[in-house]
Structure formats: C-alpha cells, structure tokens
Amino acid sequence: MTNTLEIDGLRLHLPGAARPVLAGIDLTVGARETVALVGESGSGKSLTSRSVLRLLPPGATTEGRVAVQGQDVLTMDAKQLRQLRTHTAAMIFQDPRAAINPLRRIGDFLTESLRLNADTPAQQADERAVRMLDAVGLGERVLRQYPGQLSGGMLQRVMIASALMGDPALILADEPTTALDVTTQAEVVGLLDDLRERFGTGLLFVTHDLGLAAAISDRVYVMYAGRIAETGPAEALFDRPRHPYTAALLRSTPRLDAPQGRLAAIKGQPPSLKEELTGCPFAARCPFATQACAEELPPHRPVPGEPDRLVACHHSDQLADQLAGSAAHD
Amino acid sequence: MTFLRFTLRRLAEMAATLLAASFLIFGAMYLAPGNPASFLLSGRSASPEALKAINDQYHLNDPFWEQYLRWLGQVLHGDFGRSIEYRTPVNTLLAARLPSTLLLVAMALVLVVVLGLALGWIGAVRGGATDSTILVGTTFAVGTPSFVAAVLLQGLFSVKLGWFPSSGSGAGLGSMLWHLTLPALALALYLIGMLARVTRSAMLEVMGHEHVTVTRSRGVPERAVIRRHVFRNTLGTVLTMGGLIVSTLLICTVLVETAFSVNGIGQLLDLSTTTKDFPVVQAISLIIVGIFMLVNFVVDLLLPLVDPRVSLGTRGASA
Ligand SMILES: Nc1ncnc2c1ncn2[C@@H]1O[C@H](COP(=O)(O)OP(=O)(O)OP(=O)(O)O)[C@@H](O)[C@H]1O
Ligand SMILES: [Mg+2]
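Residues numbered from 1 in each chain as written. Chains lettered and ligands numbered in written order. Predicted model: local features only at pLDDT ≥ 70, side-chain atom pairs only at ≥ 80, totals over all residues. Heavy atoms only, no water.

K.L.:
Provide a residue-level description of the overall build of chain B, including the pertinent values.
P.N.:
A count of helices and strands for chain B gives 14 helices and 0 strands. Along the chain direction, N to C, the helices and strands of chain B fall in the order α-α-α-α-α-α-α-α-α-α-α-α-α-α. Principal axes of the C-alpha set define a box for chain B whose edges measure 85 × 55 × 35 Å. Within chain B, buried positions represent 47% of all 319 residues. Residue pairs at least 24 apart in sequence account for 72% of intrachain contacts in chain B once pairs closer than 6 positions are excluded. (Helix = DSSP H or I, 4+ residues; strand = E, 2+ residues; numbered from the N terminus. Buried < 20%, exposed > 50% of the residue type's maximum accessible area, 1.4 Å probe, protein only. Contact = heavy atoms within 4.5 Å.)

K.L.:
Report on the packing of helix α5 (residues 90-126) of chain B against helix α8 (residues 173-207) of chain B, specifying residues and quantitative values.
P.N.:
All names here are of chain B. α8 packs onto α5 with a crossing angle of 35° between their chain directions and a minimal axis gap of 4 Å. When the axes of α5 and α8 are compared, the crossing they make is right-handed. Grouping the amino acids of the contact of α5 with α8 by side-chain chemistry returns 30 nonpolar, 5 polar and 1 charged. (Axes fitted to C-alpha atoms, helices over the stretch in contact; angles between N-to-C directions. Left-handed = near helix turned anticlockwise from the far one by under 90°. Nonpolar A, V, L, I, M, F, W, Y, C, P; charged D, E, K, R; others polar.)

K.L.:
Describe a nonpolar patch on the surface, naming the residues involved and giving the relevant values.
P.N.:
Residue and element names in this part refer to chain B. Among the surface-exposed residues, Leu-109, Val-110, Val-113, Val-114 and Leu-115 lie close enough to one another that they form a single nonpolar patch of about 370 Å² accessible area. Position of Val-110 relative to the elements: it lies in helix α5. Judged by its relative accessible area of 51%, Val-110 is exposed. (Patch = residues over 30% accessible without salt bridge, like charges linked within 9 Å, V, L, I, M, F, W, Y side chains within 5 Å. Areas by Shrake-Rupley, 256 points an atom, 1.4 Å probe, with all protein chains shown as cover. Salt bridge = Lys/Arg side-chain N within 4 Å of Asp/Glu carboxyl O.)

K.L.:
Lay out the site of ligand 1 with the relevant residues and their values.
P.N.:
Residues and elements named next belong to chain A. Lining the immediate surroundings of ligand 1 are 13 residues, of which Ser-41, Gly-42, Lys-45, Ser-46 and Leu-47 lie closest. At 3.3 Å from an oxygen atom of ligand 1 is found a main-chain nitrogen or oxygen belonging to Ser-43. Measuring from an oxygen atom of ligand 1, one finds a backbone N or O atom of Lys-45 at 2.9 Å. Within the complex, the protein chains bury 60% of what would otherwise be the 630 Å² of accessible surface of ligand 1. Residue composition of the shell around ligand 1, by class: 5 nonpolar, 5 polar and 3 charged. (Near = heavy atom within 4 Å. Polar contact = N/O pair within 3.5 Å; in protein donor to acceptor, adjacent residues only side chain to side chain.)

K.L.:
Break down the domain arrangement of chain A for me, citing the residues and quoting the values.
P.N.:
Residue and element names in this part refer to chain A. Here chain A is partitioned into domain 1 (3-217) and domain 2 (223-329). Of note, the centres of domain 1 and domain 2, computed from C-alpha atoms alone, are 28 Å apart. Every contact between the two is made by 22 residues of domain 1 and, on the other side, 22 residues of domain 2. Carbon and sulfur atoms make up 62% of the area that domain 1 and domain 2 hide from each other, which totals about 1,800 Å². (Domains from an automatic or database assignment. Buried area = accessible area lost by both parts, 1.4 Å probe.)

K.L.:
Go over the nonpolar core with me, naming the residues and quoting the values.
P.N.:
Side chains of nonpolar character tend, in soluble globular proteins, to be buried together. Formed by 72 residues in total, the largest nonpolar core has its most connected members in Leu5(A), Leu27(A), Leu110(A), Val158(A) and Ile160(A). Of all the elements, helix α6 (residues 152-164) of chain A adds the most residues to this core, at 7 residues. The contacts of Ile160(A), once residues within four sequence positions are left out, are Ile92(A), Val136(A), Val188(A), Leu191(A), Leu192(A) and Leu195(A). In this structure, Leu117(B), Met176(B), Val206(B) and Leu249(B) belong to the second largest nonpolar core, which totals 39 residues. (Core = buried A, V, L, I, M, F, W, Y, C linked by side-chain atoms within 4.5 Å.)

K.L.:
How would you explain the sheet that holds strand β11 (residues 301-303) of chain A if you had to name every residue and give the values?
P.N.:
Residue and element names in this part refer to chain A. Judged by pairing direction, the sheet is mixed, and its 8 strands sit side by side in the order β6-β7-β8-β3-β9-β10-β12-β11 without closing on themselves. Looking along the sheet, the strands with just one partner apiece sit at the ends: β6 (89-92) and β11. Recorded for the sheet is a direction-independent mean angle of 20° between the axes of neighbouring strands. Pairing analysis gives 5 bridges linking strand β7 (residues 170-174) to strand β8 (residues 202-207), with the strands arranged parallel. Its bridge partner being in β8, Asp-174 is matched across the sheet by Val-206. The strands that α6 touches are β6 and β7; relative to β6, the one it contacts most, it runs at about 170°. Across the face of the sheet, helix α7 (residues 182-199) comes into contact with β3 (34-38), β6, β7 and β8 while running at roughly 160° to β8. (Pairing = 2+ DSSP bridges.)

K.L.:
Explain the side chain of Ser51(A) to me, and be specific about the residues and the numbers.
P.N.:
Residue and element names in this part refer to chain A. Mapped onto the fold, Ser-51 is located in helix α1 (residues 45-51). Given a relative accessible area of 0%, Ser-51 falls into the buried group. Contact partners of Ser-51, with chain neighbours within four places excluded, come to Leu-10, Leu-12, Leu-22, Leu-56, Val-66, Val-73 and Leu-74.

K.L.:
Pulling in residues and values, what's your account of unusual backbone geometry?
P.N.:
Residues and elements named next belong to chain A. Positive phi values are uncommon outside glycine, yet Arg-32 reaches one of about 60°. Mapped onto the elements, Arg-32 comes out in the loop between β2 (22-29) and β3. Phi at Asp-308 takes a positive value of approximately 65°, unusual for a residue other than glycine. If you trace the backbone, Asp-308 turns up in strand β12 (residues 306-311).

K.L.:
I'd like a description of the interface of chain A and chain B, backed by residues and values.
P.N.:
Each side of the interface is counted separately: chain A has 27 residues, and chain B has 21 residues. Around 2,100 Å² of area is buried between chain A and chain B when both sides are counted, 57% of it from carbon and sulfur atoms. For the salt bridge of Arg50(A) with Glu210(B), the shortest nitrogen-to-oxygen distance reads 3.8 Å. Counting every contact that joins chain A to chain B gives 13 residue pairs in polar contact (both at pLDDT 80 or more). Classifying every residue of the side of chain A that touches chain B gives 15 nonpolar, 5 polar and 7 charged.

K.L.:
Summarise the environment of Leu14(A); cite the residues concerned and give the values.
P.N.:
All names here are of chain A. Among the structural elements, Leu-14 can be located in the loop between β1 (5-13) and β2. For the pair Leu-14 and Ala-60, spaced 46 residues apart in the sequence, the C-alpha separation amounts to 4.7 Å. The residues contacting Leu-14, other than those within four sequence positions of it, are Val-21, Leu-47, Pro-57 and Ala-60.

K.L.:
Can you lay out helix α1 (residues 3-31) of chain B for me, pointing to particular residues and giving the numbers?
P.N.:
Under the 1.5 Å per step criterion, the end-to-end length of α1(B) is 42 Å for 29 residues, consistent within 8% with the ideal 42 Å. Elements in contact with the buried residues of α1(B): α4 (64-76) and α14 (278-306) of chain B. (Expected span 1.5 Å × (residues − 1).)

K.L.:
Explain the domain arrangement of chain B to me, using residue names and the numbers behind them.
P.N.:
Residues and elements named next belong to chain B. For chain B, the assigned domains read domain 1 (11-76) and domain 2 (90-318). Each of domain 1 and domain 2 has a C-alpha centre, and the two are 34 Å apart. Of the residues lining the interface, 15 residues belong to domain 1; the matching set on domain 2 comes to 13 residues. In total, domain 1 and domain 2 occlude about 1,500 Å² of area from one another, counting both sides; carbon and sulfur atoms represent 84% of this. In this structure, the connection of domain 1 to domain 2 is made through 0 salt bridges. Connecting domain 1 to domain 2 are 1 residue pair in polar contact (both at pLDDT 80 or more). For the side of domain 1 that touches domain 2, the elements supplying multiple residues, two or more each, are α1 and α2 (36-40). Tallied by class, the residues present in the side of domain 1 that touches domain 2 amount to 12 nonpolar, 3 polar and no charged.

Right under this line is the structure:
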C-alpha cells in the first residue's frame, strides 16, 4: 500500500539565499498515521508542509519528489493541483483569525472550494458543512455568522471543519494551536486526534512543542536548518535521543513528568540562510562537535537495534548514553 | 444604532450643514466686490432711475439680514428666486441646463468606475510590464488637471482627427452622447488614475493576507480567489472614495463645461460668478453641497453591507 505522503529528497531554493532552504528532506506519513515535525523557528517546517500543497513563496524552485497518494505534487498541472487541494490534502493554519476572510460568512468559507470546482451542488456542500460543523462541535447557525462573531477557538474548529470538507486523505496542521490559549489548545488537539481517527486521515502535525508532539504522534521528525536531524517513533526518540540537537531541544522544553531541573536554552543561533554550510549544520552550536563535524555532512544512518530510526550525526553511537542521560535528568 | 435613528440623525446634520453653508455662501456673495446691477447695465448708459429700479426689484440695498432671511424663506419653499442676469426664475434656468450636466457627470462616473477599477485590477493581478505601463499612465492622468486634459483632448480628437465636436452639448440623446464624450473623458481622467491607483494598492495589500493563501490552499480557482476575496475585500476602500469622486466631478465639471462650451449647470455657475448673479450662484453652490452630503450619507448606509465589521455610523478600516 502506498504511503499517504511521501517526500523524497526535497530541496527548495529561495531567491537570495546562499544555500537551499530545504536541503534534501525525506519524510513519509502512512495511511491514518500521525507524524510530528518539530524544530526551532526558521528550520523549514512550514515550507516543508506547504510544499505538500505546492504553496510556495514566489521565486521558489524545487527538486525532488513530493507525492500525495502516489501523485507527484510538484509536477502536476493546475487542474490536478486544484483537485488535490480540494479533495486529497488540506492544511490547518496557525492563526484562524488571519486565515479566514473576515468579510465572508463561515458557510461560504466552508463550502466555497466544493462549489467553485463545479463538482458539488450548493445544497450538497451545505449539508456536508453542517455535518462537519457538528463533527467539530459547532451548530448549524455558525454557517450564517461572520468570523468576527466567533472566538479564536471556535474559528480554529471551523478551520478544522473546512479541512475535512473535501474528505481528504491527509491533513497538514501547521502549529494549529500556537495562537490559542492553553485550555483551547488542549481541546483543539484532542479534537484533531479524534477526527483523524474517525475520518481515517493521515496527519502531519507541525509544532515546536515537543510535549505536544510526543502526546499526539506515532512518529517524529526533528528538523534543523532545512534538514532532518533525526527521526523515529515518538516514544523512543524522546526517551533516547540520538542527535545532540534533539537532546538539546528536550532540555529546553518543560516536561510534566520531570518537573525538577532547569530549562536550558540552546546556545547560539541557527545558521543564517545567507551563509553556505559545509559539514553538520548543528556543529557550531554542538557541545560534542569535532573537526569531522565541521568538514563533513553527516549522512542519515539507521540506529543499531532500533528499526524506523534514522539519525544524522557522526558521533551518535558514541554519544548514545550521554544524550539519553542528559535528556532524562536535567 | 438602528437604521431609523441613524437616518434621522444624519438628515438633521445635513439640514444644519446646508443652513450653515447657505449663510456662508450668501455672506461671501454679499461681501464680494461688484454689484449685479452694474453688470446688468454694462455697456448701456445707466440712468440712476434704472439702477434704482433693479436694486429695488432685487432688494439689493436692504440690510444683509433682511436679504438673507427673505432668500432663505423662498428656498425653503423650493424657490431659488430670479436670476438677475437672465430675468427668469432660477429653477427654470437650472431645469433647462440640468440634462447636459447630469449626462456629463453620469458618463464620467461610469468611465471612472469601470476604467479605474479595471486598470487597478489588471495592474495588481498581472504585475510586470503591464503593471508598470498602467502605473505610468495613471501617474500621467493624476498629474493632468481637467482643463489641461480638455485642451489636449480637443486638440487631438476634434481639431486634428475631427472625430468628436469641440464644443456644444447637442440635442437628442445620441447627439448629446457624442458631444459629451470628450468632456466626460476630460472630467474622468484624473479620477480614473486616482481610482486605479487606490484599487491596485488595496488589492496588492489584500493579496498579502493569509486568508488569500488559505483560499488558494483549498483549491479555489485563481479567478475566484481574486474576485471573491481580493477584489471583494477592497470594496470598502473603494466605496469610501465615493464622496471624493462625486465632489471632484461636480467641481471639475465647472471647468470642463466652460472649456467645451457645454451649456450645463457648471458653465452657468462660472458665468453667474463673473456677473455676480447672486441667486444663481447660491442655488448651484447649495445644490453641490447637498449632493456631496447625500453621497456621503449613501456611502455610510452602504458600508455595513460591504463590511460586516462596520456598523451604521462608525466608519472602520476594511481588510
Ligand atoms: N516567503 C518567504 N520568503 C523568503 N524567505 C522565506 C519565506 N518563507 C520562509 N522563508 C525562510 O525560510 C526559512 C524557513 O521558514 P519556515 O517558515 O519554513 O520555518 P518554520 O520552521 O516554519 O519556522 P516557524 O517555527 O517560525 O514557523 C526561514 O529562514 C524563513 O526566513
Ligand atoms: Mg512555521
């Protein structure tokens, strides 16, 4: 069976950048699977998830392959692309207040892509909108309301309902809770997880919140400076990080199950897009970096004894115990 | 605020403004140098008796307040008095000249709305060389005063090419349309450039909004994205320009009608000002002020329909 999403060696160049913003991303989301993509601000999480819908910044050029349900997104024609966006993959955005046109009714927002692609009569689209609103816990009357009349949490529910309108195989959620308050965040994440189960979609969940990633996802990709630093099943990856960057991220994240200890911010800044990179992109900030790290780009290697795990670090095997220890005890 | 309360409040405001405007206009005419009687009799040997007769007939020697209140009483009864120059009721004079002006302003308004919006839209959506060309064109249009535009259009299309008449307003609708094409263009040119620029920059601004990207991400066809989200969201901005557009048309029509010898109300205002024909000047000025306020009132009524975040009586920014 084909994966719902398959990204192979995706490279993305932006005008004015000295190196590719995405430098060879490999990522898969299986059918009905939840996959988290984590990393610091600027690491390229949004660009990766937007590439899946070919929502690229002006002037961007791409190499590699992005396939949704086996269809290559980067090379399809405009009609296929509309079909993909309407029926196969849908994105949930960070700030629902900015993401929904304030001048049009919610009903219009929900049904517009189905109606305007001339494949669904208006009445049928309306009926589906009512069902999807019900699925996210909102009543029919919301259809006639304007975004300004709803709270942020309600609007994000509307956004989720709209993503489900075309019965997609894949949902991309780009930090869907960052703009919401804490209680609403939990509700929205819970809802998203339920609906993924109920409607049988795959979910790519972009976040910089490792706790959230661990709670919601089956597998996690850790991204740094346009590359995947490490990937694996959520539990294994957070218990036994194999990349110094993952360990550092964990140490900088508050954890409910380990309330003691101080949070350690990662020293230094991610490399700017203006500089070219040789070697490991994390080398400049890595406490374990050696000469080899600065000179040679570490390839993705399997972790001995752990299937489904890949890590891009020269010293990952030697550091295994040290990294696992530091992540657990701080 | 309810519709009724809003309407009543605005009507009261408009009445008060008109009253103040009428007083100012009347006062300005009263203080301005020159006497209508002397214009009327210029060229003729005016006997003191004739002069006195005119002054008496038009009460020109009465104290200011008496003159003003008498005039105001008439106006409230719908009578703007008699023209000193033409010796006919101002109402008759206006009625005869109204069709040319109405048609001229309407033609110009259609040109402004259609061409202004279309050029702004095309510039914003196409970008590149098309956009640059439109920008240069609108810069030229905005920098050309309407009387200069009138002279240029006359020179090119009437004198040189002979496609359109250079003056007059014709009789019968067809002939009027033909006669008024060049004046309408001259009148509209500045506002076309202005509206195109406003539309273009408003559309570019909206295009940068996240909700436009979101709509694209849902597979909505690009034309629908532009029409239903980008252009739709600029309507508030365009509508708030309505008052400015109409008042500019009304003011510039004076210059354009004079330049093209269109016998409309604008030309009449120009003539009456030079001959100190008080009643006519006052009537036309008041009508212009009234129309301006009416347009703004209609704009305020329409804004909430275009932007649900604006409630009656509170103009807000639109996105
Ligand atoms: N439209 C754009 N034009 C130019 N550069 C861009 C654009 N979008 C993103 N970038 C650059 O690409 C890099 C990756 O951006 P991206 O938005 O994918 O990061 P991110 O991981 O989602 O970060 P965040 O957590 O802040 O959302 C950043 O350095 C950003 O400056
Ligand atoms: Mg992002």
